[in-house]
Amino acid sequence: MQEALALPGNPSSVHAEGRAARHLIEHAREDVARLVGVRPANVTFTSSGTEANMLALSPAIETAAEKRPRDKLLISAIEHSSVRAGGRFAREAIADIAADADGRVDLTALADALSRTSRPLVSIMLANNETGVVQPIAEAAALVHAANGLLHVDAVQAAGRIAGDMTALGADLLTLSGHKIGGGKGTGALVRANEAIHFADPLIRGGGQERGMRAGTENVAGIAAFGAAALAAHRQLATEAAHMLALRTELEEGLRAISPQAVIFGAAAERLPNTTLFALEGVKAETAIIAMDLEGVAVSSGAACSSGKVQPSHVLAAMGVSPPLTRGALRVSWGWTTTKGDVERFLNAWRKVSGALSKGSKEQRGIAA
Ligand code: PLP
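Every value quoted in this text rests on a predicted model; they were computed, and no experiment measured them. (Residues numbered from 1 in each chain as written. Predicted model: local features only at pLDDT ≥ 70, side-chain atom pairs only at ≥ 80, totals over all residues. Heavy atoms only, no water.)

### Here we look at the overall build of the chain
Quick note on the threshold: Going along the chain from the N terminus, every DSSP run of H or I of four or more residues is numbered as a helix, and every run of E of two or more is numbered as a strand. With the radius of gyration taken over C-alpha atoms, the globule rule is written as 2.2 Å times the number of residues to the power 0.38. Buried means the residue's accessible area, taken with a 1.4 Å probe over protein chains only, is under 20% of the maximum for its type, while exposed means over 50%, and partly exposed covers the values in between. What sets the accessible areas is the Shrake-Rupley method with a 1.4 Å probe; for residues, cover comes only from the shown protein chains. His residues and chain termini do not enter the charge count, which takes Lys and Arg as positive and Asp and Glu as negative. Here the site of a charge means atom NZ of a Lys, CZ of an Arg, CG of an Asp or CD of a Glu.
The number of helices and strands found in the chain is 12 helices and 15 strands. Taking 369 residues into account, the globule formula puts the C-alpha radius of gyration at 21 Å, and the chain, at 22 Å, falls close to it. In terms of overall dimensions, the chain has C-alpha extents of about 75 × 55 × 40 Å along its principal axes. Counting only residues that meet the buried cut, the chain has 52% of its 369 residues in that class. If you sum the accessible surface of the chain, you get close to 16,000 Å²; carbon and sulfur atoms cover 54% of it. Side chains of the chain give 37 positive and 37 negative charges; the mean places of these two sets differ by 3 Å.

### Quick look at the sheet that holds strand 4 (residues 94–97)
For clarity, the cut-off: A pair of strands is treated as paired once DSSP finds two or more bridges between them. Angles here are taken between N-to-C directions and fall from 0 to 180 degrees, while the axes themselves are lines fitted to C-alpha atoms, restricted in helices to the stretch in contact.
Strands sit in the order 1-8-7-6-5-3-4 across an open sheet of seven strands; the sheet is mixed. The open sheet has two edge strands, strand 1 (43–46) and strand 4, and neither has a second partner. Across the sheet, the mean angle separating the axes of adjacent strands is 20° when strand polarity is ignored. Bridge count for strand 7 (residues 173–177) against strand 8 (residues 188–192) is five bridges, and the pairing is antiparallel.

### Examining the packing of helix 2 (residues 16–36) against helix 8 (residues 220–258)
Put simply, the rule is: Put simply, a crossing is left-handed when the front helix is turned counterclockwise from the back one by less than a right angle, and right-handed when it is turned clockwise. We call two residues contacting when some pair of their heavy atoms lies within 4.5 Å. All amino acids are sorted into three groups, where Ala, Val, Leu, Ile, Met, Phe, Trp, Tyr, Cys and Pro are nonpolar, Asp, Glu, Lys and Arg are charged, and the leftover types, Gly among them, are polar.
At a closest axis distance of 8 Å, the pairing of helix 2 and helix 8 adopts a crossing angle of 35°. With respect to the hand of their crossing, helix 2 and helix 8 are arranged in left-handed fashion. Between helix 2 and helix 8, the residues in contact are Ala-21, Leu-24, Ile-25, Ala-28, Asp-31, Val-32, Arg-34 and Leu-35 and Val-220, Ile-223, Ala-224, Phe-226, Gly-227, Ala-230, Leu-231, Ala-233 and His-234, respectively. For the contact of helix 2 with helix 8, a count of residues per class yields 13 nonpolar, two polar and two charged.

### Some points on the nonpolar core
Stated formally: For the purposes of this section, nonpolar cores are sets of buried Ala, Val, Leu, Ile, Met, Phe, Trp, Tyr and Cys residues that join through side-chain atoms within 4.5 Å.
Residues Phe-45, Leu-110, Leu-174, Leu-176 and Phe-265 are the most contacted members of the largest nonpolar core, which totals 63 residues. When sequence neighbours within four positions are dropped, the list of residues in contact with Phe-265 reads Thr-131, Arg-271, Leu-277, Phe-278, Ala-279, Leu-316, Met-319, Val-321, Leu-325 and Ala-329. Counting residues in hydrophobic clusters, the runner-up holds 24 residues, among them Met-244, Leu-251, Phe-346 and Trp-350.

### Re the sheet that holds strand 10 (residues 263–264)
Read from one edge of the open sheet, four strands run 10-11-15-12, paired in antiparallel fashion. Unpaired on one side and paired on the other, strand 10 and strand 12 (300–301) mark the two borders of the sheet. For strand 12 and strand 15 (residues 330–333), the ladder comprises two bridges, and the chain directions are antiparallel. Opposite Ser-301, over in strand 15, you have Leu-330 as the bridge partner. Sheet contacts for helix 8: strand 10, strand 11 (275–279) and strand 15; angle to strand 11, the most-contacted strand, approximately 10°.

### A closer look at the site of the ligand
Test applied: Residue proximity to a molecule or strand is established when one non-hydrogen atom of the residue lies within 4 Å of it. Polar contact is the term for a pair of N or O atoms within 3.5 Å; when the atoms are in protein, one must be able to donate a hydrogen and the other to accept it, and sequence-neighboring residues count only if both atoms are side-chain atoms.
Around the ligand lies a shell of 14 residues, among which Gly-49, Thr-50, Asp-154, Gln-157 and Ser-177 are the nearest. With respect to the ligand, the backbone of Gly-49 contributes an N or O atom lying 2.8 Å from an oxygen atom. A distance of 2.6 Å separates an oxygen atom of the ligand from a polar side-chain atom of Thr-50. Burial of the ligand by the surrounding chains reaches 86%, relative to a free accessible area of 390 Å². Of the residues forming the shell around the ligand, the biggest block, three residues, is contributed by helix 3 (residues 49–56). Among the residues making up the shell around the ligand, the classes are represented as two nonpolar, 10 polar and two charged.

### Thoughts on the pattern of salt bridges
For clarity, the threshold we go by: Salt bridges are counted wherever a side-chain nitrogen of Lys or Arg sits within 4 Å of a carboxyl oxygen of Asp or Glu.
Applying the stated criterion across every chain yields a total of 18 salt bridges. Two residues, Arg-34 and Asp-31, come together in a salt bridge whose shortest N-O distance is 2.9 Å. Of this pair, Arg-34 and Asp-31 are both found in helix 2, three residues apart, which corresponds to roughly one turn of the helix. With a relative accessible area of 39%, Arg-34 lands in the partly exposed category. Among the residues examined, Asp-31 registers a relative accessible area of 7% and is labelled buried. Put simply, Glu-295 and Lys-352 hold a salt bridge, and the shortest N to O gap is 3.1 Å.

### So, the environment of Ala-41
Counting through the fold element by element, Ala-41 comes out in the loop between helix 2 and strand 1. Note: C-alpha distance between Ala-41 and Val-144 (103 residues apart in sequence) is 25 Å. In contact with Ala-41, not counting residues within four places along its chain, are Arg-192, Glu-195 and Arg-211.

### As for unusual backbone geometry
With a phi close to 65°, Asn-148 is a non-glycine residue in the positive phi region. Looking at the element boundaries, Asn-148 is found in the loop between helix 6 (137–146) and strand 6 (150–154). Phi at Glu-210 takes a positive value of approximately 50°, unusual for a residue other than glycine. Secondary-structure assignment places Glu-210 in the loop between strand 9 (198–199) and helix 8. Residue classification places Glu-210 among the buried residues on the basis of a relative accessible area of 7%.

### A word on helix 6
Think of an α-helix as turning once every 3.6 residues; residues three or four places apart then point the same way. Using the following cut-off: Here the arc refers to the directions that run from the helix axis out to each C-beta atom.
Every buried residue of helix 6 is accounted for by Ile-137, Ala-140, Ala-141 and Val-144. Seen from one end, helix 6 has its buried residues packed into an arc of 105°, which puts them on one side. In the core, the buried residues of helix 6 are packed alongside helix 5 (107–114), strand 5 (120–123), strand 6 and helix 7 (166–169). Among the residues trailing helix 6, Asn-148 stands out with phi positive, at a value near 65°.

Put into structure tokens, the structure is as follows:
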């Protein structure tokens with residue numbers, strides 16, 4: 001990124017300075033393509049995962065076999081808000097696919113919804129950003145393709161943590177975000193499984209950059225960092241995943257020992273190695289986040305906070321979790337730099353915070369602690 005920041009050239013210029021900037025972008029494109037097993041020409045850089053999702057969710061996506069607009073958008077009930085917003089589909093053309101109690105997309109519900117469409121676009125994430133639950137993408141892809149549909153997969157949370165080869169997944173379109181794999185903030189990519197997939201209605205038109213699919217001078221430094229992060233993620237996937245999984249086991253065993261009543265959401269399902277979403281009844285997420293922050297530990301809530309109002313998590317609601325527990329959902333996530341010492345620090349902080357907050361909550365309810 002620092003190297004790229006020092007380059008003055010515009011990547012669309014033909015002079016030497018411009019070519020140097022172009023070289024960095026194309027190099028990064030190769031590294032991002034390798035992470036998901038496609039040809040570099042199939043990677044379109046965007047400003048974020050959100051923008052890539054917006055670009056993907058258009059009725060005007062054409063394939064070699066189908067040029068007519070997609071008639072329906074099917075999205076799972078547990079998608080990120082950037083997918084839940086529905087892209088450029090009309091509200092009445094969007095239908096939900098339910099999830100089960102373990103936080104997995106319900107494939108029977110998907111098959112049922114597909115039977116009422118003729119050219120659907122389906123969007124299902126590879127792993128959920130709150131629970132970390134890994135979705136049955138290959139099975140969903142088989143159903144979608146049998147119904148003449150296209151499958152978009154939001155792999156923002158899963159990339160670099162589990163394998164994300166597009167051919168193995170059966171995804172037609174796939175979203176990535178640079179900052180989730182250690183690149184700079186403000187980069188994303190929409191990846192096509194093949195070059196015949198064409199966006200007849202790009203989100204941003206203008207100078208023809210990114211093969212006409214995303215106009216605007218490229219964020220050269222951000223893209224260079226995204227490429228470097230993709231290369232590292234690809235090379236280190238197996239070792240990093242094993243390291244993160246060992247930390248998850250330690251963290252969850254410790255958590256269960258300190259708070260036997262705590263519920264770990266999606267615990268029965270396959271999950272990302274770096275995410276735990278849990279709740280302890282009587283302990284409110286907002287209070288716990290502040291108390292943990294004071295102990296020097298940064299955790300987040302499973303709920304989305306907008307305009308100062310904490311909304312209950314739509315993911316937990318889709319899993320059928322009841323409000324007293326959803327209000328307490330805390331998400332802990334970690335990465336390749338996290339150590340066993342960090343997990344111990346988290347557990348020590350949790351022991352202190354949960355003890356104090358559960359005592360306070362019992363006293364408030366008039367129960368002897
Ligand atoms: N999709 C998922 C699953 C996410 O978790 C996020 C961000 O947290 C996004 C999309 C949006 O990505 P970005 O922050 O790059 O816009």
